[in-house]
Amino acid sequence: MTPIETLLSRRSVPAQCLTGPGPDAAQLASALDAALRAPDHGHMQPWRFKLIRADARAKFAQLLVGAASARDPATPPAQLEKLRSRPLQVPLIIAVSARLRDNPKVPGIEQLLSAGAGVMNLLNAFHAQGFGAIVLTGPSAYDAAVAAGLGLAGDEQLLGFVYVGNIGAVVPAAPARPAHAAFVSEFQ
Ligand SMILES: Cc1cc2nc3c(=O)[nH]c(=O)nc-3n(C[C@H](O)[C@H](O)[C@H](O)COP(=O)(O)O)c2cc1C
């Protein structure tokens, strides 16, 4: 694929279609290096990546289940089971957060955008290397107990969880890709 073909063919792959072994050390390093190529006003370097793999996945799953139960003790068992089982289905989860610091020239929104651009590069880099990936959030991503359980610092904002793996099942059709014309106008 040409670089532009790679960008145009990227799609989210649902976690249930992902399987092991996942990226090796060099492939993961390439993806993380690509994430750090995101533009970064003021060299704030806001991006943080917490790797969750092997036995730590079960600990992460328990963190999600415990936090969901604490948020709502009436959470349906099926929902809790999904939270418990999904992390175990993929070889690698990357919890991405943005470390936001005061800077009069670089407001927090710019630091968040930079970290978000890092997530995009991460997704593209995994896709370019033949892996599937998806960002998952939900209430867990905005739960202070989850952030604390992951060991995030007080100034780190969790952005989401990137689930990564080999594509091991037929992937459902991607959402329709809109024509860009509907989102573009010419300044006269
Ligand atoms: C910030 C963010 C959070 C997301 N959270 C979820 C989520 O909780 N569950 C989910 O199924 N997909 C989630 N997604 C993935 C989107 O559903 C997916 O990108 C969208 O369906 C478009 O598909 P595409 O990536 O193939 O274009 C999230 C994407 C982003 C950017």
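Our subject in this report is the structure included herewith. (Residues numbered from 1 in each chain as written. Predicted model: local features only at pLDDT ≥ 70, side-chain atom pairs only at ≥ 80, totals over all residues.)

Attention now goes to the overall build of the chain. Looking only at helices and strands, the chain has 6 helices and 5 strands in total. If you list the helices and strands of the chain from N to C, you get α-β-α-β-α-α-β-α-β-α-β. For 188 residues, the compact-globule estimate of 2.2 N^0.38 gives 16 Å, and the C-alpha radius of gyration of the chain, at 18 Å, lies within 12% of that figure. Reported as C-alpha extents along the three principal axes, the dimensions of the chain are approximately 55 × 45 × 35 Å. Pairs at least 24 apart in sequence give 83% of the contacts found in the chain among residues at least 6 apart. (Helix = DSSP H or I, 4+ residues; strand = E, 2+ residues; numbered from the N terminus. Rg over C-alpha atoms; globule rule 2.2 N^0.38 Å. Contact = placed C-beta atoms within 7 Å.)

Buried residues of helix α2 (residues 25-35): Leu-28, Ala-31 and Ala-35, and no others. Viewed end-on, α2 has its buried residues packed into an arc of 60 degrees, placing them on one side of the element. Turned more than 90 degrees away from the buried face of α2, the exposed residues are Ala-25, Ala-26, Ala-29 and Asp-33. (Buried ≥ 20, exposed ≤ 12 C-beta atoms within 10 Å, placed from the backbone. Arc of directions from axis to C-beta.)

Another aspect to go through is the packing of α2 against helix α5 (residues 108-128). Two numbers describe a pair of packed helices, the interaxial angle and the distance between the axes. Axis separation between α2 and α5 bottoms out at 7 Å; the angle between their running directions is 145 degrees. Of the two elements, α2 crosses α5, and the hand of that crossing is right-handed. Every residue of α5 that contacts α2 at Ser-30, Ala-31, Ala-34 and Ala-35 is listed here: Gly-118, Asn-121, Leu-122, Ala-125 and Phe-126. Of the residues in the contact of α2 with α5, the class split is 6 nonpolar, 3 polar and no charged. (Axes fitted to C-alpha atoms, helices over the stretch in contact; angles between N-to-C directions. Left-handed = near helix turned anticlockwise from the far one by under 90°. Nonpolar A, V, L, I, M, F, W, Y, C, P; charged D, E, K, R; others polar.)

Surrounding the ligand, one finds Arg-11, Ser-12, Ile-134, Val-135, Leu-136, Thr-137, Gly-138, Gly-160, Ala-174 and Pro-175. Considering every element that reaches the shell around the ligand, the biggest residue donor is strand β4 (residues 132-136), with 3 residues. Partitioned by chemical class, the residues of the shell around the ligand number 5 nonpolar, 4 polar and 1 charged. (Near = placed C-beta within 6 Å.)

Core analysis: the largest hydrophobic core is formed by 37 residues, its most contacted members being Ile-93, Leu-122, Ala-133, Val-162, Tyr-163 and Val-164. At the level of elements, α2, β2 (47-53), α3 (56-71), β3 (92-99), α5, β4, α6 (144-149) and β5 (156-167) are the ones that each hand at least two residues to this core. The contacts of Val-162, once residues within four sequence positions are left out, are Ile-93, Ile-94, Val-96, Val-119, Leu-122, Leu-123, Ala-133 and Val-135. (Core = buried A, V, L, I, M, F, W, Y, C linked by C-beta atoms within 7 Å.)

Taking 1.5 Å of rise per residue, the 16 residues of α3 would be expected to cover 22 Å, and the 23 Å separating its terminal C-alpha atoms lies within 8% of that figure. Within the span of α3, buried status applies to Phe-60, Leu-63, Leu-64 and Ala-68. For α3, the angular spread of the buried residues around the axis is 125 degrees, confining them to a single face. Exposed residues on α3 whose side chains face more than 90 degrees from its buried face are Lys-59 and Ala-70. At its buried positions, α3 is contacted by β2, α4 (77-89), β3 and α6. (Expected span 1.5 Å × (residues − 1).)

Below, the discussion takes up unusual backbone geometry. The residue after Gly-20, namely Pro-21, is reached through a cis peptide bond having omega 5 degrees. As for its placement among the helices and strands, Pro-21 is situated in the loop between β1 (18-19) and α2. Here the phi dihedral of His-43 falls at roughly 50 degrees; this positive angle occurs in a residue that is not glycine. Structurally, His-43 is set in the loop between α2 and β2. Taking the C-beta count within 10 Å as the criterion, His-43 has 8 such neighbours and is therefore assigned exposed. Its identity as a non-glycine residue notwithstanding, Ala-54 has a phi of 50 degrees, on the positive side. Its location among the elements puts Ala-54 in the loop between β2 and α3.

Before going further, it helps to examine the packing of α3 against α4. As a packed pair, α3 and α4 sit with axes 8 Å apart at the nearest point and diverge in direction by 160 degrees. The pairing of α3 with α4 is recorded here as roughly antiparallel in orientation. When the axes of α3 and α4 are compared, the crossing they make is right-handed. The residues of α4 that touch α3, namely those facing Arg-57, Ala-58, Phe-60, Ala-61, Leu-64, Val-65, Ala-68 and Ser-69, are Leu-80, Leu-83, Arg-84, Pro-87 and Leu-88. A class-by-class count of the residues in the contact of α3 with α4 yields 10 nonpolar, 1 polar and 2 charged. (Parallel < 35°, antiparallel > 145°, perpendicular 65-115°, else oblique.)

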